[in-house]
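# Descriptive structure summary
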Amino acid sequence: MTSKDMVDNAARESKSNDTEREMIEIELLLEGIHRLYGYDFRNYALPSIKRRIYYHAQSENVSTVSGLQEKVLHDRSAFDRLVQSLSIPVTEMFRDPELFLKFRQKIIPILRTYPYIRIWHAGCSTGEEVYSMAILLHEEGLYDKARIYATDMNNLSLQQAKEGVYGIDRMKLYTKNYLESGGTQSFSEYYTAKYDSVMFHPFLRKNIIFAEHNLATDRSFNEFNIIFCRNVMIYFNDELRNHVHGLFYDSLSHFGVLVLGAKESIHFTDYSDSYEPLDRLEKIYRKIK
Ligand SMILES: C[S@@+](CC[C@H](N)C(=O)[O-])C[C@H]1O[C@@H](n2cnc3c(N)ncnc32)[C@H](O)[C@@H]1O
């Protein structure tokens, strides 16, 4: 073996030790959080949760994941901050307007035939998706017979969702999305502007129940005609994704409709044969068995 080979081998070994150490630290952190606080991030997709944890460690001024673990296990507020970082509450009103348009065209006629409608928005974040649904049902004359359950594991996001107050700078995009989604009114009729924020009208909240619910650890709590779970399961590994699909399957009525995010699919899960696509492109599926 040449001295260059020896140097290369040593570098490889040190790199693999670093990776091993990294994995141990992350697993211990997530295990500790689960045991102490009951939040289960152990089956989140590794690349993205790892990236988030390292990024968050920097903002907490700790140089290692073990340092972060010590802080989080000894200080509830440090844990709460970590949950915010891991939660990724990015959302918008009428996000993917084409989906809402297809929902109006294909699903609303079905809902008209029901005596009442139960909808679950799982992972609703700060509520923009839920208010979009409330507006859509209102315009279709179906709001009064609907109950919308809006859940998330992130309590801070839920508080904002309950208030329905958003930055005025978002309204240009939301108005554009609303119009592209088939909106029939003037979008500004749905909110009142004050300084740099807007508040959505309380009548839209009348039939919405906001509640904390963790898809990794909590059970099914009702039977629904429609479940929206968009841009949540992309952060999960296959095992957790399957678990959550089991939860949705158990929570949907026969012929209930499941709506996933643009980058998500029912394929490659244990439940792919239990649904038929109502709109393949927009990820709208109907439970058939
Ligand atoms: C990117 S947002 C998606 C919001 C909205 N559905 C949308 O598509 O615009 C992801 C949300 O999923 C929530 N989330 C992540 N893991 C969760 C879990 N285990 N249980 C419930 N909500 C979760 C996060 O807190 C966050 O609010």
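Residues numbered from 1 in each chain as written. Predicted model: local features only at pLDDT ≥ 70, side-chain atom pairs only at ≥ 80, totals over all residues. Heavy atoms only, no water.

### So, the overall build of the chain
If you tally the helices and strands in the chain, you get nine helices and ten strands. Each principal axis of the C-alpha atoms in the chain carries an extent, and together these give about 75 × 50 × 35 Å. Every one of the 289 residues in the chain was classed for burial, and the buried ones make up 47%. In the chain, the proportion of contacts linking residues at least 24 apart, taken out of those at least 6 apart, comes to 75%. Put simply, the chain has 36 plus and 40 minus side-chain charges, and the middle of one group is 4 Å from the middle of the other. (Helix = DSSP H or I, 4+ residues; strand = E, 2+ residues; numbered from the N terminus. Buried < 20%, exposed > 50% of the residue type's maximum accessible area, 1.4 Å probe, protein only. Contact = heavy atoms within 4.5 Å. Lys, Arg positive; Asp, Glu negative; His and termini not counted. Charge placed at Lys NZ, Arg CZ, Asp CG, Glu CD.)

### Observations concerning the sheet that holds strand 10 (residues 284–287)
Strand order in the open sheet formed by seven strands is 6-2-1-7-8-10-9, and the pairing between neighbours is mixed. The sheet is open, and its two edges are formed by strand 6 (208–212) and strand 9 (275–279), each paired on a single side. Adjacent strand axes in the sheet meet at a mean angle of 20° when their direction is disregarded. For strand 9 and strand 10, the ladder comprises four bridges, and the chain directions are antiparallel. Across the sheet, Glu 276 pairs through a bridge with Arg 286, a residue of strand 10. Most of the contacts of helix 6 (residues 128–139) go to strand 2 (residues 146–152), to which it runs at about 170°, and overall it touches strand 1 (117–122), strand 2, strand 6 and strand 7 (224–229). The sheet strands contacting helix 9 (residues 238–251) are strand 1, strand 7, strand 8 (252–260), strand 9 and strand 10, and the helix crosses strand 8 at an angle near 140°. (Pairing = 2+ DSSP bridges. Axes fitted to C-alpha atoms, helices over the stretch in contact; angles between N-to-C directions.)

### Some thoughts on the packing of helix 5 (residues 97–111) against helix 6
Describing two packed helices takes the angle between their axes plus the distance from one axis to the other. Look at helix 5 against helix 6: their axes get within 12 Å of each other, and the N-to-C directions meet at 45°. Here helix 6 runs oblique to helix 5, going by the angle between their axes. Crossing of helix 5 against helix 6: the hand is right-handed. Together, Phe 100, Phe 103, Arg 104 and Ile 108 of helix 5 and Glu 129, Ser 132, Met 133, Leu 136, Leu 137 and Glu 139 of helix 6 make up the contact between the two elements. Among the residues forming the contact of helix 5 with helix 6, the class breakdown is six nonpolar, one polar and three charged. (Parallel < 35°, antiparallel > 145°, perpendicular 65-115°, else oblique. Left-handed = near helix turned anticlockwise from the far one by under 90°. Nonpolar A, V, L, I, M, F, W, Y, C, P; charged D, E, K, R; others polar.)

### Quick look at the site of the ligand
Residues in close proximity to the ligand total 20 residues, the closest being Tyr 44, Thr 91, Arg 95, Asp 152 and Asn 231. Arg 95 is positioned with one of its side-chain polar atoms (N or O) 2.7 Å from an oxygen atom of the ligand. Between Asn 231 and the ligand, the recorded distance is 2.8 Å, taken from a side-chain N or O atom to an oxygen atom. Considered on its own, the ligand offers 610 Å² of accessible surface; in the complex 99% of this is hidden by protein. (Near = heavy atom within 4 Å. Polar contact = N/O pair within 3.5 Å; in protein donor to acceptor, adjacent residues only side chain to side chain. Areas by Shrake-Rupley, 256 points an atom, 1.4 Å probe, with all protein chains shown as cover.)

### Considering the pattern of salt bridges
Per the counting criterion, the structure on display carries 19 salt bridges. Salt-bridge contacts for Glu 98 lead to Lys 102; the nearest nitrogen and oxygen are separated by 3.3 Å. Highlighted residues: Glu 98 and Lys 102, both in helix 5, separated by four residues, approximately one helical turn. (Salt bridge = Lys/Arg side-chain N within 4 Å of Asp/Glu carboxyl O.)

### Structural notes on the UniProt feature "domain: CheR-type methyltransferase" (unreviewed entry) in the chain
Feature annotation in UniProt places "domain: CheR-type methyltransferase" (unreviewed entry) on residues 25–266, given in this structure's numbering. Helix makes up 45% of residues 25–266 and strand 18%. Its end C-alpha atoms lie 33 Å apart. (UniProt positions renumbered as here; feature names shortened; annotations may be inferred.)

### Quick word on the sheet that holds strand 3 (residues 165–167)
With antiparallel pairing, the three strands of this open sheet are ordered in space as 3-5-4. Both outer strands of the open sheet, strand 3 and strand 4 (191–194), are each paired with one neighbouring strand and no more. Recorded for the sheet is a direction-independent mean angle of 30° between the axes of neighbouring strands. Note: strand 3 against strand 5 (residues 197–200), three bridges, orientation antiparallel. Bridging from a neighbouring strand, Val 165 pairs with Met 199 of strand 5.

### Thoughts on the packing of helix 1 (residues 3–37) against helix 3 (residues 65–74)
For the pair helix 1 and helix 3, interaxial distance at closest approach is 9 Å and the crossing angle is 10°. The angle between helix 1 and helix 3 places the two elements in the roughly parallel class. Here helix 1 contributes Glu 25, Ile 26, Leu 28, Leu 29, Gly 32, Ile 33, Leu 36 and Tyr 37 to the contact with helix 3, which in turn contributes Val 65, Ser 66, Leu 68, Gln 69, Val 72 and Leu 73. In terms of residue class, the contact of helix 1 with helix 3 is built from ten nonpolar, three polar and one charged.

### Regarding the domain arrangement of the chain
As far as domains go, the chain holds domain 1 (3–87) and domain 2 (97–287). Centre-to-centre separation of domain 1 and domain 2, based on C-alpha positions: 32 Å. If you look at the interface, domain 1 gives ten residues, while domain 2 gives twelve residues. In total, domain 1 and domain 2 occlude about 1,100 Å² of area from one another, counting both sides; carbon and sulfur atoms represent 50% of this. Broken down residue by residue, the surface that domain 1 buries against domain 2 is led by Tyr 39, Asn 43 and Tyr 44, which jointly contribute 48%. Across the domain 1-domain 2 interface, the total number found is zero salt bridges. (Domains from an automatic or database assignment. Buried area = accessible area lost by both parts, 1.4 Å probe.)

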